[in-house]
Amino acid sequence: QVQLVESGGGLVQAGGSLRLSCAASGRTFSIYYMGWVRQGPGKEREFVGAIRWSGGSTYYSDSVKGRFTISRDNAKNTVYLQMNSLKPEDSAVYYCAVTRGPVYAHPRGYDYWGQGTQVAVSS
């Protein structure tokens, strides 16, 4: 199993920035991708972005490309989601999750999930 602990959510004004963190522990050698998935009020879970655990390639949804950046601290087994130019429509619970296989762009591809952290963007 892989355990994920997220931090860094909060309330921010539109145009502002937040950084989320996700620390992984346990069987981290089994991780293929670590990603971020969000769920807004009344919405389905939506892929935000992912990083290839081995190699570090990153991928983003069109809705966040150019505004959000995923990075990784290998020594800490921690991945960060830097969110800039935030919009009210970015408000959601953000989940860190990992895959054991190559599917990263759909929430169903993820095997282990963090507890989620709330991001609220006011207009």
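Remember, it's a predicted structure, so these values are computed and weren't measured experimentally.

Chemist: Before we go on, may I ask you to explain the overall build of the protein chain in this structure?
Modeler: Along its length, the protein chain carries zero helices and 11 strands. Once the C-alpha set of the protein chain is aligned to its principal axes, its extents read approximately 40 × 30 × 25 Å. Considering the protein chain as a whole, with its 123 residues, one finds that 44% of them fall into the buried category. Residue pairs at least 24 apart in sequence account for 56% of intrachain contacts in the protein chain once pairs closer than 6 positions are excluded. When the accessible surface of the protein chain is totalled, it reaches about 6100 Å², and 46% of it is carbon and sulfur. The positive charge centre, built from 13 side chains, and the negative charge centre, built from 8, are 5 Å apart in the protein chain.

Chemist: I'm lost on the environment of G26 in this one. Help?
Modeler: In this fold, G26 is placed in strand 3 (residues 18–26). C-alpha separation for the pair G26 and L4, spaced 22 residues apart in sequence, amounts to 8.9 Å.

Chemist: I would appreciate a short explanation of unusual backbone geometry in the present structure.
Modeler: The phi torsion of most residues other than glycine is negative, and most of the peptide bonds are trans. Despite not being glycine, N77 has its phi angle at roughly 50°, a positive value. Mapping N77 onto the fold places it in the loop between strand 7 (68–73) and strand 8 (78–83).

Chemist: How should the pairing of strand 11 (residues 117–122) be read in this particular structure?
Modeler: Each regular strand displays side chains that alternate between the two surfaces of the sheet. Residue alternation in strand 11 divides its side chains into a buried set, T117, V119 and V121, and an unburied set, Q118, A120 and S122. As judged from the three bridges shared by strand 9 (residues 92–99) and strand 11, these two strands associate in the antiparallel manner. Looking at the pairing, Y94 lines up with T117 of strand 11.

Chemist: Just checking my understanding: could you explain the packing of aromatic side chains for this structure?
Modeler: One pair of aromatic rings is described through two measures. These are the centre distance and the angle between the planes. For the structure on display, the rule yields seven aromatic pairs. Taken together, a centroid distance of 5.9 Å and an interplanar angle of 75° make the contact between Y33 and Y59 edge-to-face. Separated by 26 residues along the polypeptide, Y33 in strand 4 (residues 33–39) and Y59 in strand 6 (residues 58–60) bring together distant segments of the chain. You can call Y59 partly exposed: its relative accessible area is 28%. A centroid spacing of 5.8 Å and a plane angle of 55° characterise the contact between F47 and Y104, whose relative ring orientation is tilted. Of this pair, F47 sits in strand 5 (residues 46–52) while Y104 is found in the loop between strand 9 and strand 10 (112–113), placing the two residues 57 residues apart along the sequence. F47 gets classed as buried once you look at its relative accessible area, which sits at 10%.

Cut-offs applied
Residues numbered from 1 in each chain as written. Predicted model: local features only at pLDDT ≥ 70, side-chain atom pairs only at ≥ 80, totals over all residues. Heavy atoms only, no water. Helix = DSSP H or I, 4+ residues; strand = E, 2+ residues; numbered from the N terminus. Buried < 20%, exposed > 50% of the residue type's maximum accessible area, 1.4 Å probe, protein only. Contact = heavy atoms within 4.5 Å. Areas by Shrake-Rupley, 256 points an atom, 1.4 Å probe, with all protein chains shown as cover. Lys, Arg positive; Asp, Glu negative; His and termini not counted. Charge placed at Lys NZ, Arg CZ, Asp CG, Glu CD. Pairing = 2+ DSSP bridges. Phe/Tyr/Trp six-rings, centres within 6.5 Å; stacked < 30°, edge-to-face > 60°.

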